Amino acid sequence: MTEVEQKKGLFGLAKGFPTILGTEFAERFSYYGMKAVLLYYMINSAAQGGLGLPRADGVAISALYGALIYMSAIVGGWLSDRVFGAARIVTIGGFFILAGHIVLALPFGEPALLASLALLIIGTGMLKPNVSTLVGSVVKDDKDANVAFSLFYVAINLGSFISPIVVSALQIKYGFHVAFSAAAVVMGLGLAIYAWGYARFLRHHLDVLAPNPIAKTERKKVTLTIVSIIMVIVFGFWLSIMTHTFSIGALSKVVTVAAVVLTGYYFTHILTSKLVTSGEKRKVVAYIPIFLSGVALWAVQEGGGTIVAEFVTRSDHNFIGFKIADAMVQAVNPFVVVFGTATMAFVYKVFADKLPNLFQRYAIGMALVGASYLLLLTPALTGSGFSANWIVLSLGVVAFGEVLISPVSLAVTNRLAPKAFEAQMMAIWFLSNSVGQGINASLSGFYLNHTVLYFAIYASVPILFAIGLVMGAKQLTHMIGD
């Protein structure tokens, strides 16, 4: 099928492209809808329908859940590149996600919570990076890439915006488990949309087979490696239980270290691979600052569902004269991002030659990310009873920073990825989220005990990083060939 024939759908893109948008909308609705009330389910008392866990543990588990989801994207990317291919693994991951939400909707307490989180981590790791890869697969023209990924990001944030409102309202009226069931229903619809769209359109545009399948000579080594990793994890967990050293804080540190080690391993593996050309390696090196920008971004942005979700419980819950529920503030970020990303898609299309270069735009985004936590210093100094306006404003500012970084990063990751590591490079981008949330989980106790200092540090790091990006923008731009 020619490129001209392929471009018959939305904005001149592949005809099956809206199917991918619908699938991503459903997955993000289920993820952010569940996460909007997850912290409160864990820390609220039994009389309020919750589990009554300590606040530090609740914040850490919420962040750990996010960190492990994005860490598992590495496994999903590998399975896509080496075993299933992106088109098939999206379906497999979707069924795991659906099962996870169904389990969480059942009133079985902590065992159901742990089982649900495990299923969601596995399923999202399979689906999330590979849906993004599908976008790159159906966009054949580099000029359309920024538009396609910006529209994709709109779908992400429409799901993220609607879900906290719907799920929070259900939780207030009917309780947590009915609220969690909404995520299951929408994910089920998302799977149905993908199955229909794939059969009707996408199968004509996508390669079903894995791009770099495991050779027969590799199978023994790969199997041994997988079994060894599983045994080490199981043994470490068993040993911590037997020695009474297991704690959420210790697990947070292990996950954070693992995310950092995985990052180092994958960059090293790609840069030393014989399957990667010298030109591709130069682009991967230039990609490292983009990855670090992602770590700084997600440490703050994902903190909205963990750190800031706890912080808002200390406020007066009044926003411009209206009383708001705690979970409702989770809708602020996607609301701003939806309109901001749609605007930027237009700007990229019309003013592409007049914009600052990629790394300068990243620097502006990083400065906004840092400024968002500077805004929280005043209410943090107040302690409690402060206006929720501060939190809404902070979440809005970090959303503008996100608009300049995240949707473009999906397109840039796809464009700079070596051919043999396409899905795994997308997984590396999601690993930046894992590192950021792992750090949040490790510092949950520090946040509760030193709130002002926590916000000051988290504000300073992105701003310093923005300065570094401005200084290195010219050389980095040359390295990626722009």
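Each value, and the rule that gives it
Residue positions within a chain follow its written sequence, with the count starting from 1. It should be noted that, the model being predicted, local features are given only for residues of pLDDT at least 70 and side-chain atom pairs only at 80 or more, the latter also being counted only at that level, while totals for whole chains, interfaces and linings use all residues. To obtain the side-chain values, all non-hydrogen atoms of the structure were included, while hydrogens and water were left out. A run of H or I in DSSP counts as a helix once it spans at least four residues, and a run of E counts as a strand once it spans at least two, with each numbered from the N terminus. Throughout, radius of gyration means the C-alpha value; the globule benchmark is 2.2 Å times the number of residues raised to the power 0.38. Contact criterion: two residues are considered in contact whenever any of their non-hydrogen atoms come within 4.5 Å of each other. Per-residue accessibility takes into account occlusion by the displayed protein chains alone, with areas from the Shrake-Rupley method and a 1.4 Å probe. We count Lys and Arg on the positive side and Asp and Glu on the negative side, and we leave His and both chain ends out. Working definition for charges: the position is that of NZ of Lys, CZ of Arg, CG of Asp or CD of Glu. For each structure, a 1 Å grid was placed over the protein atoms alone; sets of points admitting a 1.4 Å probe that cannot get out are labelled cavities, open sets with protein on both sides within 12 Å along at least five of seven lines are labelled pockets, and lining residues have an atom within 4 Å of a point. Grid points are joined across faces, edges and corners, and a volume is the space filled by probe spheres set on the points. Any residue that is not Ala, Val, Leu, Ile, Met, Phe, Trp, Tyr, Cys, Pro, Asp, Glu, Lys or Arg is counted as polar, Gly included; the first ten are nonpolar and the last four charged. Within this document, salt bridges are pairs made up of a side-chain nitrogen of Lys or Arg and a carboxyl oxygen of Asp or Glu, the two lying within 4 Å of each other. Polar contacts, as counted here, are pairs of nitrogen or oxygen atoms within 3.5 Å of one another; within protein the pair requires one atom able to donate a hydrogen and one able to accept it, and residues that are adjacent in sequence qualify only if both atoms are side-chain atoms. Stacked, edge-to-face and tilted labels apply to pairs of Phe, Tyr and Trp rings (six-membered ring for Trp) whose centres lie within 6.5 Å, assigned for plane angles under 30 degrees, over 60, and everything in between, in that order. Buried residues are those whose accessible area, probed at 1.4 Å on protein chains only, stays under 20% of the maximum for their type, while exposed residues exceed 50% and partly exposed ones sit between those limits. Each residue after the first adds 1.5 Å to the expected span of a helix. pLDDT runs from 0 to 100 and stands for how confident the predictor is about each residue. Simply put, an axis is a line fit to the C-alpha atoms, just over the touching stretch for a helix, and the angle between two N-to-C directions goes from 0 to 180 degrees. For this classification, under 35 degrees means roughly parallel, over 145 means roughly antiparallel, 65 to 115 means roughly perpendicular, and everything else is oblique. Helix crossings get a hand from a simple test, with the near helix turned counterclockwise from the far one by less than a right angle marking a left-handed crossing and a clockwise turn marking a right-handed one. A patch is a set of surface residues, each over 30% in relative accessible area and not in a salt bridge, joined within 9 Å for like charges and within 5 Å for the nonpolar side chains Val, Leu, Ile, Met, Phe, Trp and Tyr. What is meant by a nonpolar core is a set of buried Ala, Val, Leu, Ile, Met, Phe, Trp, Tyr and Cys residues, joined one to another through side-chain atoms within 4.5 Å.

Chemist: I'd like a description of the overall build of the protein chain, backed by residues and values.
Modeler: Secondary structure summary: the protein chain contains 18 helices and two strands in total. Relative to the 2.2 N^0.38 estimate, which gives 23 Å for 482 residues, the radius of gyration of the protein chain is 22 Å and therefore close to what a compact globule would have. Reported as C-alpha extents along the three principal axes, the dimensions of the protein chain are approximately 60 × 50 × 40 Å. Long-range contacts, defined here as pairs at least 24 residues apart, represent 82% of the contacts in the protein chain between residues at least 6 apart. By element, 70% of the accessible surface of the protein chain is carried by carbon and sulfur atoms, the whole surface being about 20,300 Å². Each charge class in the protein chain was averaged separately, 31 positive and 21 negative side chains, and the resulting centres sit 5 Å apart.

Chemist: Any chance you could break down empty space enclosed by the protein for me, citing the residues and the numbers?
Modeler: Within the structure shown, the criterion is met by three cavities of 30 Å³ or more. Looking at the largest cavity, its volume works out to about 360 Å³. Contributions of two or more residues to the lining of the largest cavity are made by helix 2 (17–43), helix 5 (109–138), helix 6 (142–174), helix 10 (278–301), helix 12 (332–350), helix 15 (389–416) and helix 16 (422–442). Looking at the lining of the largest cavity residue by residue, the class counts come to 14 nonpolar, ten polar and five charged.

Chemist: For the pattern of salt bridges, give the residues involved together with the corresponding values.
Modeler: Using the criterion set out here, one finds six salt bridges in the structure. Among the ionic pairs, E310 bridges to R314, the shortest N-O distance being 3.1 Å. Overlapping salt bridges, with partners in common, bring together R55, E310 and R314 in one network.

Chemist: Now, about the side chain of T413: what can you tell me, with residues and values included?
Modeler: Here T413 is to be found in helix 15. Only 2.7 Å separates the side chain of T413 from the side chain of Y287, close enough to count as a polar contact. The contact partners of T413, leaving out residues within four places of it in the chain, are Y287, M425, M426 and W429.

Chemist: Outline the packing of aromatic side chains, supporting the account with residue identities and numerical values.
Modeler: Centre-to-centre distance and the angle between the planes together describe a pair of aromatic rings. If you walk through the whole model with that rule in mind, you get 23 aromatic pairs. For the ring pair Y41 and F176, a centre distance of 5.3 Å and an interplane angle of 55° mean the geometry is tilted. A residue pair is termed long-range when its members are at least 10 positions apart, and Y41 in helix 2 and F176 in helix 7 (residues 176–200) qualify at 135 residues. Take Y41: its relative accessible area is 2%, and that puts it in the buried class. Each member of the aromatic cluster is reached from another via a ring pair, and the members are F311, Y373, F386, Y447, Y454, F455 and Y458.

Chemist: Lay out unusual backbone geometry in plain terms, naming residues and giving numbers.
Modeler: When glycine is set aside, most residues are seen to have a negative phi, and most peptide bonds are trans. For H317, which is not glycine, the phi dihedral falls at a positive 60°. Phi is positive for I320, close to 45°, though the residue is something other than glycine. Tracing the sequence through the fold places I320 in the loop between strand 1 (318–319) and strand 2 (322–323). The exposure class of I320 is exposed, given its relative accessible area of 56%.

Chemist: Could you give an account of helix 12, with specific residues and numbers?
Modeler: An ideal rise of 1.5 Å per residue puts 27 Å on 19 residues; helix 12 measures up with 28 Å between its terminal C-alpha atoms. Among the residues of helix 12, those classed as buried are V332, N333, P334, V336, V337, V338, G340, T341, M344, A345, V347 and Y348.

Chemist: Go over the confidence of the model for the protein chain with me, naming the residues and quoting the values.
Modeler: When pLDDT is low, close inspection of the predicted coordinates is not appropriate. In this model, the protein chain carries an average pLDDT of 86, and 94% of its residues clear a pLDDT of 70 or more. Long-range and interchain partners of residues 1–6, a stretch whose pLDDT sits below 50, account for eleven contacts in this model, where long-range means more than four residues apart.

Chemist: Mind laying out the packing of helix 13 (residues 358–374) against helix 15, listing which residues take part and the relevant values?
Modeler: The N-to-C vectors of helix 13 and helix 15 enclose an angle of 150°; their axes lie 8 Å apart at closest approach. In terms of orientation, helix 13 and helix 15 fall into the roughly antiparallel class. Classified by chirality, the crossing of helix 15 by helix 13 is left-handed. Two secondary-structure elements touch here, helix 13 through L358, R361, Y362, I364, G365, M366, L368, V369, A371, S372 and Y373 and helix 15 through S394, V397, V398, F400, G401, L404, I405, V408, S409 and V412. The class makeup of the residues in the contact of helix 13 with helix 15 is 15 nonpolar, five polar and one charged.

Chemist: Describe the side chain of S116, and please don't skip the residues or the numbers.
Modeler: Residue placement: S116 occurs in helix 5. Residues contacting S116, with those up to four places away along its chain left out, are G100, H101, V103 and L104.

Chemist: Describe the environment of P18, and please don't skip the residues or the numbers.
Modeler: For P18, the location among the structural elements is in helix 2. Taking the C-alpha atoms as reference points, P18 and I480, separated by 462 residues in sequence, lie 30 Å from one another.

Chemist: Any details on a nonpolar patch on the surface? Residues and values, ideally.
Modeler: A grouping of F237, I241, F246, L251 and V254 is seen on the molecular surface, where their side chains present a nonpolar patch of about 440 Å² in accessible area. Contributing elements (two or more residues each) for the nonpolar patch: helix 8 (219–242) and helix 9 (248–272). Take I241: it is sitting in helix 8.

Chemist: Explain the nonpolar core residue by residue, including any values.
Modeler: In terms of nonpolar packing, the biggest core is built from 149 residues, with Y65, F152, Y287, I290, Y373, I428 and F455 touching the most fellow members. In contact with Y287, other than residues within four places in its own chain, are F267, T413, L416, M425, I428 and W429.

Chemist: Could you give me a rundown of the environment of T263, with the residues and numbers involved?
Modeler: Within the secondary structure, T263 sits in helix 9. You can call T263 buried: its relative accessible area is 10%. Not counting chain neighbours up to four residues away, the residues in contact with T263 comprise F291, L431 and V435.

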